[in-house]
Amino acid sequence: MSIVFSDKLLGRLAEAQTVVAFTGAGVSAESGVPTFRGNDGIWAKFKPAELANINAFMKNPELVWEWYKQRKQIIASVQPNPGHYALAGMESLFPECEVITQNIDNLHRRAGSTKVHELHGNIERNYCMKCGAQYSNEHVLSVVGAPRCTQAKCGGQIRPDVVWFGELLPENEWKNAMRAAERADVFLSIGTSGVVHPAASIPPAAKQSGAFLVEINPEETPLTNSVDEFIQAPSGEVLPALLEQIQLMKLTKNKVH
Ligand code: BV8
Ligand code: ZN
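Bear in mind that the values here come from a model prediction, so they are computed numbers and not experimental data.

The rules we used
Residues numbered from 1 in each chain as written. Chains lettered and ligands numbered in written order. Predicted model: local features only at pLDDT ≥ 70, side-chain atom pairs only at ≥ 80, totals over all residues. Heavy atoms only, no water. Helix = DSSP H or I, 4+ residues; strand = E, 2+ residues; numbered from the N terminus. Rg over C-alpha atoms; globule rule 2.2 N^0.38 Å. Contact = heavy atoms within 4.5 Å. Areas by Shrake-Rupley, 256 points an atom, 1.4 Å probe, with all protein chains shown as cover. Donors = N, O, S within 2.8 Å, 3.2 Å for Na, K, Ca; no water. Tetrahedral: all angles 85-135°; square planar, octahedral: opposite > 155°, others 65-115°. Salt bridge = Lys/Arg side-chain N within 4 Å of Asp/Glu carboxyl O. Phe/Tyr/Trp six-rings, centres within 6.5 Å; stacked < 30°, edge-to-face > 60°. Buried < 20%, exposed > 50% of the residue type's maximum accessible area, 1.4 Å probe, protein only.

Draft legend 1. Up close: the overall build of the protein chain. Counting its regular elements, the protein chain contains 12 helices and 9 strands. Taking 2.2 N^0.38 as the reference for a compact globule, 257 residues should give roughly 18 Å; the C-alpha atoms of the protein chain span a radius of gyration of 19 Å, in line with that estimate. Counting only C-alpha atoms and orienting by the principal axes, one finds that the protein chain spans roughly 70 × 35 × 35 Å. The contacts of the protein chain with a sequence gap of at least 6 include a subset with a gap of at least 24, amounting to 67%. Accessible surface computed for the protein chain: about 12300 Å², of which carbon and sulfur atoms make up 54%.

Next up, the structure:
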């Protein structure tokens, strides 16, 4: 299926100094990572209130760890998809090109993106709630049940380094993400249902600051009727096609000089 981009979008990209991609679970769907709200979504079986929050964890750390161990294994077994690679490829085509992600699967970095703001943490990291000691997935996956800290005289609970509901987002990631959004000439909102806050307030903030706002999603979302361009297709198809168009434009522009 060949995707046609508007002259308006291509014109804005031809002039753009700063391009920012804001991604949600949809950008990893074609890698085989279940989204949250799709009918195969992990939340179809579990409700976030039951698992992705600190009270659930303190009440039943074994159950929450079982869920995260499952997700860690799924994520370790998948690969970035053409959408992740295309975003990584865009980095060298603009003076500034950054990714703001709600995803915790580390697939942008594994695809080669180097400027990634992780708003909700990273499932490959774990830490002791008492002393802060860091633990690898290899370690936590080797322990049955809920892993405990092995530092001398600690024994604290270890948790995944992700942001749970009711928890604040990491301050630096938030600040850097907002700075990027406010500087964006073109802002791509990709594969997110736009229901989780405060992350969902970032695309409107980018538009407010003058960005050309593009949404890439096979379905409409609450953001759709306020974007400048809605590309209703999977990101694994759209992003490589967009990268190709940008490369072509850069090539012809260089030839003209
Ligand atoms: C905070 C990490 C405040 C963990 C995540 C009532 C009670 C309690 C809280 C609230 C409440 N009302 C509002 C809140 C705030 C709450 C919130 O927003 N809740 C929502 C659900 C209503 N937010 C919070 O609690 C945040 N913290 O507010 O703290 C505070 C204030 C003061 C003092 C202390 C605290 C923290 C939110 C972070 C939660 N953690 N993840 C984990 O993953 O285990 S959120 C989780 O869902 C993901 O990280 C992801 O970011 C997020 C959103 O999901 P999406 O990425 O959008 O995925 P989704 O499945 O929804 O959509 C996928 C989309 O992809 C779809 O549109 C689909 O069409 C599309 N798609 C599918 N295939 C493709 C595709 N697109 C492109 N290509 C394809 N191939
Ligand atoms: Zn400890």
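Draft legend 2. Spotlight on the coordination of the zinc ion (ligand 2). With distances of 2.2 to 2.3 Å, the protein atoms coordinating the zinc ion (ligand 2) are Cys-128 (SG), Cys-131 (SG), Cys-149 (SG) and Cys-154 (SG). Here the zinc ion (ligand 2) binds 4 donor atoms, and the angle range of 105 to 119° at the metal identifies the geometry as tetrahedral. Of note, the zinc ion (ligand 2) draws all its donor residues from one chain, in the sequence arrangement C-x2-C-x17-C-x4-C. Taken together, the residues Cys-131 in the loop between β4 (121–128) and β5 (134–135) and Cys-149 in the loop between α9 (137–141) and β6 (158–162) connect sequence positions 18 residues apart.

Draft legend 3. Representation of the pattern of salt bridges in the model. In this structure the tally under the stated criterion is 6 salt bridges. Here Lys-207 ties to Asp-228 by a salt bridge, and the two come within 3.0 Å at their closest N and O atoms. Note that Lys-207 is positioned in helix α11 (residues 202–208) and Asp-228 in the loop between β8 (212–216) and β9 (229–231), a separation of 21 residues in sequence. Connected through shared salt-bridge partners, Arg-109, Glu-118, Arg-125 and Asp-161 make up one network.

Draft legend 4. Summary view of the packing of aromatic side chains. Per the counting criterion, the structure on display carries 4 aromatic pairs. On the basis of an interplanar angle of 40° and a centroid distance of 5.1 Å, the ring pair of Phe-57 and Trp-164 is categorised as tilted. Of this pair, Phe-57 sits in helix α5 (residues 54–59) while Trp-164 sits in the loop between β6 and α10 (171–183); the two residues are 107 residues apart in sequence, bridging distant segments of the chain. Grouping residues by exposure puts Phe-57 and Trp-164 together as buried. Seen from their ring centres, Tyr-68 and Trp-164 are 6.1 Å apart, and the 55° between their planes marks the pair as tilted. Separated by 96 residues along the polypeptide, Tyr-68 in helix α6 (residues 61–77) and Trp-164 in the loop between β6 and α10 bring together distant segments of the chain.

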